[in-house]
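# Coordinates in review
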Amino acid sequence: MFTLTALGFAGAGHAHDAGATMDPDGNIASFTGYAQVTCSLDTHRLIASVQDTSLPQANLLVNLQMIKGINAISTTDPVSGDGVPSPEVSIAGGGGVYLLLVNKTGPGPRSFIVSYHCMSINNEHTNTDIKVNQFQ
């Protein structure tokens, strides 16, 4: 088990980042964690990406899935440890709770950062809150 840690807010960009290490002992190949991001009522969509901050390891990647209502989308950081996150994905689900799932593709510990932004229809940041539910 692990806890998702809020890494802070980047003032100018209003970025919201959270990170953790999945499966520190490296023996649970199906390790999956989830958190809820709540966006204020003036939100149009949630945008998110994931960055695998671990050293590269063949065939071991970090994935992010985002779900709101009947809509779902996913993204994968294709190169771990290169400092470049996955492509951003978004769901235009309005205000409310979005589910974020993070998993890895095989055994081994993986550290990651998820960036998430609640956005208005005018591309302005709206109020955002994150709640970690379970990671295992």
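Since the model is a prediction, treat every value here as computed from it, not as a measurement.

In this section: the state of the cysteines. Within the structure shown, the criterion is met by one disulfide. Across the disulfide, Cys39 is cross-linked to Cys118 (sulfur-sulfur distance 1.9 Å). For the disulfide bridge between Cys39 and Cys118, the dihedral angle about the S-S bond is near -70 degrees, and by the sign convention the bridge is left-handed. Of the two residues, Cys39 sits in strand β3 (residues 32-39) while Cys118 sits in strand β9 (residues 110-119), which places them 79 residues apart along the sequence. Pair check on accessibility: Cys39 and Cys118 agree, each one buried.

What follows deals with the side chain of Arg110. Assignment of secondary structure puts Arg110 in strand β9. Separated by 3.1 Å, the side chains of Arg110 and Asp52 make a polar contact. In terms of polar contacts, Arg110 uses its side chain to reach the backbone carbonyl oxygen of Leu55, at 3.0 Å. Not counting the four nearest positions on each side in its chain, Arg110 is found in contact with Ala20, Thr21, Met22, Asp52, Ser54, Leu55, Gln57, Leu60, Val62, Ser80 and Lys104.

Glancing now at the packing of aromatic side chains. Counted under the stated rule, the structure contains zero aromatic pairs. One residue, Lys68, lies across the ring of Tyr98, its end atom 4.9 Å from the ring centre.

What follows concerns the side chain of Ser86. Looking at the secondary structure, you find Ser86 in the loop between β6 (71-77) and β7 (89-91). Ser86 has contacts with Ser49, Val50, Thr75, Thr76, Asp77 and Pro78, leaving out every residue within four places of it along the chain.

Moving on, we get to the nonpolar core. Across soluble globular proteins, nonpolar side chains show a tendency to be buried alongside one another. Ranked by internal contacts, the top residues of the largest apolar core, which has 21 residues, are Leu46, Met66, Phe112 and Val114. Of all elements in the fold, only β2 (15-22), β3, β4 (45-52), β5 (62-68), β7, β8 (96-104) and β9 reach the threshold of two or more residues within this core. No other element matches the four residues that β9 contributes to this core. Leu46 has contacts with Val37, Cys39, Met66, Val89, Ser90, Ile91, Tyr98, Leu100, Tyr116, His117 and Cys118, leaving out every residue within four places of it along the chain.

This part takes up the pattern of salt bridges. Under the counting rule described, the total for this entry stands at two salt bridges. Residue Asp23 pairs with Lys104 through a salt bridge whose shortest N-O separation is 3.0 Å. Linking Asp23 in the loop between β2 and β3 with Lys104 in strand β8, this pair joins segments that are 81 residues apart in sequence. The exposure class assigned to Lys104 is buried, which follows from its relative accessible area of 3%. In this structure, the salt-bridge partner of Asp52 is Arg110, at a minimum N-O distance of 3.1 Å. Placement of Asp52 in strand β4 and of Arg110 in strand β9 is noted, with a sequence separation of 58 residues between them.

Rules of the game
Residues numbered from 1 in each chain as written. Predicted model: local features only at pLDDT ≥ 70, side-chain atom pairs only at ≥ 80, totals over all residues. Heavy atoms only, no water. Disulfide = S-S within 2.5 Å. Helix = DSSP H or I, 4+ residues; strand = E, 2+ residues; numbered from the N terminus. Buried < 20%, exposed > 50% of the residue type's maximum accessible area, 1.4 Å probe, protein only. Polar contact = N/O pair within 3.5 Å; in protein donor to acceptor, adjacent residues only side chain to side chain. Contact = heavy atoms within 4.5 Å. Phe/Tyr/Trp six-rings, centres within 6.5 Å; stacked < 30°, edge-to-face > 60°. Lys NZ or Arg CZ within 6 Å of the ring centre and 35° of its normal. Core = buried A, V, L, I, M, F, W, Y, C linked by side-chain atoms within 4.5 Å. Salt bridge = Lys/Arg side-chain N within 4 Å of Asp/Glu carboxyl O.

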